[in-house]
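Listed below are the residues making up each chain.
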Amino acid sequence: MQGMVFDIQKFSIHDGPGIRTTVFLKGCPLRCQWCHNPESLKRKPQLSFAPEKCIRCGWCFANCPQQAHVLINDEHVLLRDACVGCGKCAEKCYSGANTLIGRKMSVDAVVSEVLADTAFYESSGGGMTLSGGEPMSQFQFTRLLLQEAKRHGLHTCLETSGFAPTERFHQIRDLVDIFLFDYKESDPAKHREFTGVAQEIILRNLAELDRLGSRIILRCPIVPGYNDRPSHLREIANHANRLPNIFEVHVMPYHPLGKSKSAGIGQEYLIDESRFPGQADENNWIGTVQGMTRVPVRRG
Amino acid sequence: MNDSVIDNKAGVDEIATITLSAPGRMKNVLTDYKSSVHYLRDRASSDPEVRALSPAHREAEIFRRILMTIPVGIIEGESLAGDYGTSFGDAGYRAIAEAAEANKKTKAAAAGPTELGGFLALQAQQNGYLAFFTRAHTSPAYDLVLEKGLNGIIAELEAAMATADDERRDYLSAEIVALRAVIAWSGRFAELGFDECRRVPAEPAHSFHEAVQSLWLVHTCIGVAERGDGSLSLGRIDQYLYPFYEADRARGVPAEDLADTVTDLVLKLNRYADASGAANLGGVDAQGNDLFNDLSRLIVKVCTGLQVPAPILAARIHPGIRQDDFDLLTDPRLIRMGQPSFYGEFSCRGALLARGIAEADVHRWAVNSCMGMIMPGEEFSDMWGGVFYFLLPLELALNRGRRFHGTLPFELKTVAPDDYASTAEIMDTTLAYAKEILAILTQRHRAINQVQGESNPDPYLSALLRGGTLGRDRLLGGPRYHTAVVDTFGLVNAADAIAAIDRVVFQQRSHTLQELVVAAIGDFAGQEALRLELMAAPKFGNADAAVDRIAAELASRYAALVRACSDDKLAYLPSFHTLNYHVSVGGSWGASLDGRRRGEPFAKNIGPMQGRNRKGITSVMSSALAVDQKAFCGGQALDIYVEPGLVDRPADRAKLQAAVQTYFRMGGLQLQVNGADVRILKDAMAHPEKYPDLTIRIGGFSARFVSLLPEVQRETIKRFEAGT
């Protein structure tokens, strides 16, 4: 079977222990206002368009089946509404003006690329991490990738928002060595406002994984003006204290780096990037959470 | 004398608690020694009495005169003797020496490029290859000096004179003159109050300080005798000095004093010669025991504190290295400076064994200069013996026996076909041309070597390189081993080019080979689409089997060709060593079929062409490992760049260490680790095409820096400036 992958990143050192390869799956049911991977939200391939790189070779103008590429007043314009993401323009665009984000890959193709760095995993206690997007929303593909990884003896991590049917977590639990589980907002109303979905199922899945003995790292993006409230920081610590299988908390100070990617895929960006956390803010958040729990709190 | 804190526990703890007020000790002392050495050499050389001597005696006498007349002095606060130069002379002397130097520089500049990079670029353009000769770059038998003293060595040479023929007797007596000159020079410092200089280096050393004093005096004189002081290396310094260190510790000499001695040596090393001399740290003995000792730790600590470029810390890494020691070697303060140079203990041995060093001997090997692997005390290694430009034979193959621009000063027999059916045929023809050019290069080099050995002998250095025949020059059979490295530029570019040809001409068939050649000769003018198509083909450094296979095959077959030029007297060793000259040499070379434009740098060492790796350091390493590096007994460095702040985080530093160990375990020879910093970020803003792979980590995720919007990049830089 095939899945929709938008990146495979080698020498990942922030997505689990050791040196890892992170496979990013496309598609996510959440719409977090601060998402730093906006190209990961939709399942379908999307064209990333950078007109400043165009060298006017003319290929896409002539070959786009939808005639979505046009020259207006010597400016290369992409008619986004006409674009269906077929990627034909990107096939022969060597300047990088047109790049298709997201491609279908088979399980074997993905795993064989992951296996290329096996020697590095062995020496560092690393392995494969699945991320995205939300890997659980391509559940079958995720499950097969994990199975194949395990068949090769790889250590596996899964980065997840936790927003998926509990039954699915039951099915793959044994194939995952560490869950990197997001905890984004503790207030239910704010959770729906900021992420687009309700938090109940997420909390239920977190508790369930913990109950069943899965090892969990709690990943907490802190976004100035949104969730950088003492009450939320306290709730992070509370979860770490209540759930014994949470062995680490990662506090991830928000940074507006996703803005560049949004522009490329023609998506409007919601976050006010003037709210840039300073070093003192970051230290404060980490220190505050650490002060309320014995579970190690790190900067993610 | 400094802010040390001493803990009276013995061993590593003690070293750990020493704090050195080192930065304050690094004075900016100007000695201007080169002007004196040059002036005094010229003066002695023009004396008819000197010219009448045999070449060996002439050199020995010039050497002696320099040492006896060069102004010497004391630097306050330093315990080691051995400072010299124009600055210590009187006003009259200074005026003469400086004027002579200025004159010399003007003449040299008028004769052509004086900087090696410019010179290599010119040779690339004019001749397409270079047969050369490198001075200095050596690791003599310091252990012998410390054990026997120069008088002990003189006794050996005198004994050899009894049974030597006339020629060797002449040379042996010249060696004795040179050694005595160093003893007399040392006496000059004794007169200034350095009592140890009455004993060393004439006699064996009896303490750590004496040993270091002896080492310094003997070491710095090599630059004088060799007529050049590039890359004067120290060999297994933490091994041969260790018995003296250990004896002093046992006698109760305070750790602080020993640290001061090491500091004084490092200060001298930075004041004279260049920053390319290697100091080996650690290794494994013949029984498999880890050799990283307290002196190794002390040297690292001193250099970490001083933050100085010399010496190159050659860290010998093996699976059994202690974690504490590996942490010491990957201290952020070192990594940020591009120190140390990491070497795979066992992978390097593999290369030496492949070169023909005996299994029983190989554990004694040393890193020499910035990338060489040699047998210290027994080898003269001509580290830029030849320079080979790999794109040349490729151009000849693709362009019917003609280079893309200009002509060659020689004719070749190989005939390039008018057209090719496959890249295999292109590679065969390329290597056939390479073979012929290498024959010309090495033949020329042998001739240069012979002339150098006969006309410019160095009896001083030759007395300190052993194992061959006593009384022969270092170039003519004195040392046990004589090697010359053929430094090779552009292999990766050639591999990228052939991979591009394969894709564009043979697979996609979108262009003919002829079209590509014409476009490249025209520097891709009006052909940007074609150039980008070449750029889109697989590139080395991304763990792509298609191009890695090509690089591996070219490299192996080329290495064999270089080795085949050796004979029992002189071994030619291949290397893709470029230093930073890939910039200047590429600067003088036309466009190539990998999509490189005219004047753009070549790839550096065995790394990807700048701007072409997109898959992180493990992929860069994987590509480099596809090449059989055992064949590169001339040494082979790979440069990797890690994100800013990585080594400051212990967990991530451990991952870097794991990557380094893996690289060596899989056969890599040498790694240069560069921690990206603010300067690199700024350069990446200005020249994004150079850094497609530069990753930064901030606020919860990693991003390719060059993909960020300018305002975000600026903000990121500000944060780094504030944070680091």
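Every chain is numbered on its own, with residues counted from 1 as its sequence reads. As a convention, the first chain written is A and the first ligand written is 1, with the rest following in written order. Residue-level local features of this predicted model are given only where pLDDT is at least 70; pairs of side-chain atoms are given and counted only at 80 or more, and the full residue set underlies all totals for whole chains, interfaces and linings. As a rule here, side-chain values come from all non-hydrogen atoms in the structure, and water together with hydrogens is ignored.

Undergrad: Explain the overall build of chain A to me, and be specific about the residues and the numbers.
TA: Along chain A, the regular secondary structure elements total eleven helices and 13 strands. To get the radius of gyration, use the C-alpha atoms; to get the globule rule, take the number of residues to the power 0.38 and multiply by 2.2 Å. For 300 residues, the compact-globule estimate of 2.2 N^0.38 gives 19 Å, and chain A sits close to it at 20 Å. Seen along its three principal axes, the alpha-carbon backbone of chain A occupies a region of about 60 × 45 × 35 Å. Only protein chains enter the accessibility calculation, which uses a 1.4 Å probe; a residue is then buried when its area is under 20% of its type maximum, exposed when over 50%, and partly exposed in between. Looking at the 300 residues of chain A, the share that counts as buried comes to 56%. Any two residues whose heavy atoms approach within 4.5 Å are treated as being in contact. Contacts in chain A between residues far apart in sequence, at least 24 positions, make up 68% of those at least 6 positions apart. The accessible surface values rely on the Shrake-Rupley method and a 1.4 Å probe; as for residues, cover is taken only from the protein chains in view. Accessible surface, chain A as shown: approximately 12,400 Å² in total, 49% of it carbon and sulfur. Mean positive and mean negative side-chain charge positions of chain A (35 and 33 charges, respectively) differ by 3 Å. Helix and strand labels come from DSSP, where a helix needs a run of H or I of at least four residues and a strand needs a run of E of at least two; each type is numbered from the N terminus. When charges are tallied, Lys and Arg are placed among the positive residues and Asp and Glu among the negative ones, while His and the ends of the chain are skipped. The location of each charge is read from NZ of Lys, CZ of Arg, CG of Asp or CD of Glu.

Undergrad: I'd like a rundown of the confidence of the model for chain B, residues and numbers included.
TA: Residues shown with low pLDDT carry predicted positions that ought not to be read at fine detail. Looking at chain B, pLDDT values average 92 and 94% of them are 70 or higher. The ipTM for the predicted assembly is 0.92, set against a pTM of 0.92. Along the chain, pLDDT gives the predictor's confidence residue by residue, from 0 to 100.

Undergrad: How would you summarise the packing of aromatic side chains if you had to cite specific residues and measurements?
TA: Working definition: a ring pair exists when centres of Phe, Tyr or Trp rings (six-membered ring for Trp) sit within 6.5 Å. Plane angles under 30 degrees give stacked, over 60 give edge-to-face, the rest tilted. Per the stated rule, a full pass over the model turns up 32 aromatic pairs over all chains. One aromatic cluster is present, built from ring pairs that chain together Tyr33, Tyr84, Trp185, Phe189, Trp216 and Tyr272 of chain B. The ring of Phe247 of chain A is capped by Arg215 of chain A, whose NZ or CZ atom sits 4.0 Å from the centre of that ring. Look at NZ for Lys and CZ for Arg. If either is within 6 Å of the ring centre and within 35 degrees of the ring normal, a charge sits over the ring. A cation over a ring is seen here: Arg316 of chain B above Trp365 of chain B, with NZ or CZ 4.1 Å from the ring centre.

Undergrad: How would you summarise the nonpolar core if you had to cite specific residues and measurements?
TA: If you look at soluble globular proteins, the nonpolar side chains tend to sit buried side by side. The set of buried Ala, Val, Leu, Ile, Met, Phe, Trp, Tyr and Cys residues whose side-chain atoms join them within 4.5 Å is what this entry labels a nonpolar core. Phe63, Leu241, Phe342, Tyr460, Leu554 and Leu593 of chain B are the most contacted members of the largest nonpolar core, which totals 220 residues. The contact partners of Leu593 of chain B, leaving out residues within four places of it in the chain, are Leu398, Phe404, Ala497, Ala500, Ile501, Leu513, Leu516, Val517, Ala520 and Leu534 of chain B. Counting residues in each nonpolar core, the second largest holds 59 residues, with Tyr121, Tyr183, Ala237 and Trp285 of chain A among its members.

Undergrad: Which residues make up the environment of Ser347 of chain B, and what values go with them?
TA: All names here are of chain B. On the secondary structure map, Ser347 appears in helix H17 (residues 345-355). Expressed as a C-alpha distance, the spacing of Ser347 and Lys569, which sit 222 residues apart in the sequence, is 25 Å. From its side chain, Ser347 meets the backbone oxygen of Gly344 in a polar contact 3.2 Å long. Definition of a polar contact: a pair of N or O atoms within 3.5 Å, with one able to donate and the other able to accept a hydrogen when the atoms are protein atoms, and with sequence-neighbouring residues admitted only if both atoms are side-chain atoms.

Undergrad: Explain helix H7 (residues 116-126) of chain B to me, using residue names and the numbers behind them.
TA: Residue and element names in this part refer to chain B. By the burial criterion, the buried members of H7 are Gly117, Leu120, Ala121, Gln123 and Ala124. Seen from one end, H7 has its buried residues packed into an arc of 165°, which puts them on one side. Those residues of H7 that are buried are in contact with strand E3 (129-131), strand E9 (379-389), strand E10 (481-489) and helix H25 (581-587). The directions from the helix axis to the C-beta atoms form the arc being described.

Undergrad: Can you tell me about the pairing of strand E6 (residues 341-344) of chain B, naming the residues and giving the values?
TA: For a regular strand, side chains alternate in direction, first toward one face of the sheet and then toward the other. Residue and element names in this part refer to chain B. Burial of E6 is two-sided: the residues Ser341 and Tyr343 facing one way and the residues Phe342 and Gly344 facing the other way are all buried. What makes two strands pair is DSSP finding at least two bridges between them. Across four bridges, the pairing between strand E5 (residues 312-317) and E6 is parallel. By the bridge assignment, Ala314 is partnered in E6 with Ser341. Here three bridges tie E6 to strand E13 (residues 670-675), and the two strands are oriented antiparallel to one another. When the sheet's bridge partners are listed, Tyr343 is paired in E13 with Gln670.

Undergrad: Tell me about unusual backbone geometry, residues and numbers included.
TA: Cis rather than trans, the peptide bond between Val200 of chain B and Pro201 of chain B has omega equal to 5°. The omega torsion of the bond from Ala310 of chain B to Pro311 of chain B falls at -10°, within 30 degrees of zero and hence cis. The backbone phi angle of Asp74 of chain A is positive, close to 65°, even though this residue is not glycine. Summarising the element assignment, Asp74 of chain A is placed in the loop between strand E4 (69-72) and strand E5 (75-78). By relative accessible area, Asp74 of chain A is classed as exposed at 57%.

Undergrad: Before we move on, can you summarise helix H5 (residues 139-151) of chain A with the specific residues and values?
TA: All names here are of chain A. With 13 residues, H5 extends 18 Å between its outermost C-alpha atoms, agreeing within 8% with the 18 Å of an ideal straight helix rising 1.5 Å per residue. Those residues of H5 that fall on the buried side of the exposure criterion are Phe139, Phe141, Thr142, Leu145, Leu146, Glu148 and Ala149. Positive phi appears at Gly153, one or two residues downstream of H5, with a value of about 75°. One less than the number of residues in a helix, times 1.5 Å, gives the span that helix is expected to have.

Undergrad: How would you summarise the sheet that holds strand E12 (residues 637-642) of chain B if you had to cite specific residues and measurements?
TA: Residue and element names in this part refer to chain B. Overall, mixed pairing links the five strands, which are arranged E4-E5-E6-E13-E12 in an open sheet. Unpaired on one side and paired on the other, strand E4 (278-281) and E12 mark the two borders of the sheet. Neighbour-to-neighbour, the strand axes of the sheet open up by a mean angle of 30°, direction not taken into account. Where E12 meets E13, six bridges bridge the pair, whose relative direction is parallel. Residue pairing in the sheet places Ala637 in a bridge with Gln670 of E13. Under this scheme, a helix contributes an axis fitted over its contacting stretch, all axes are lines through C-alpha atoms, and angles between N-to-C directions fall in the 0 to 180 degree range. Set on the sheet, helix H26 (residues 616-626) makes contact with E12 and E13; between it and E12 the angle comes to about 170°. In the packing of helix H27 (residues 650-665) onto the sheet, the strands contacted are E5, E6, E12 and E13, and the crossing angle to E13 comes to about 160°.

Undergrad: Give a description of the state of the cysteines that names residues and reports values.
TA: All names here are of chain A. In this description, a disulfide is simply a cysteine sulfur pair whose atoms lie within 2.5 Å. The final tally for this structure, using the stated rule, is zero disulfides over all chains. Among the cysteines around Cys157, which has no disulfide bond, Cys220 carries the closest sulfur, lying 16 Å off. A relative accessible area of 0% means that Cys157 is categorised as buried.

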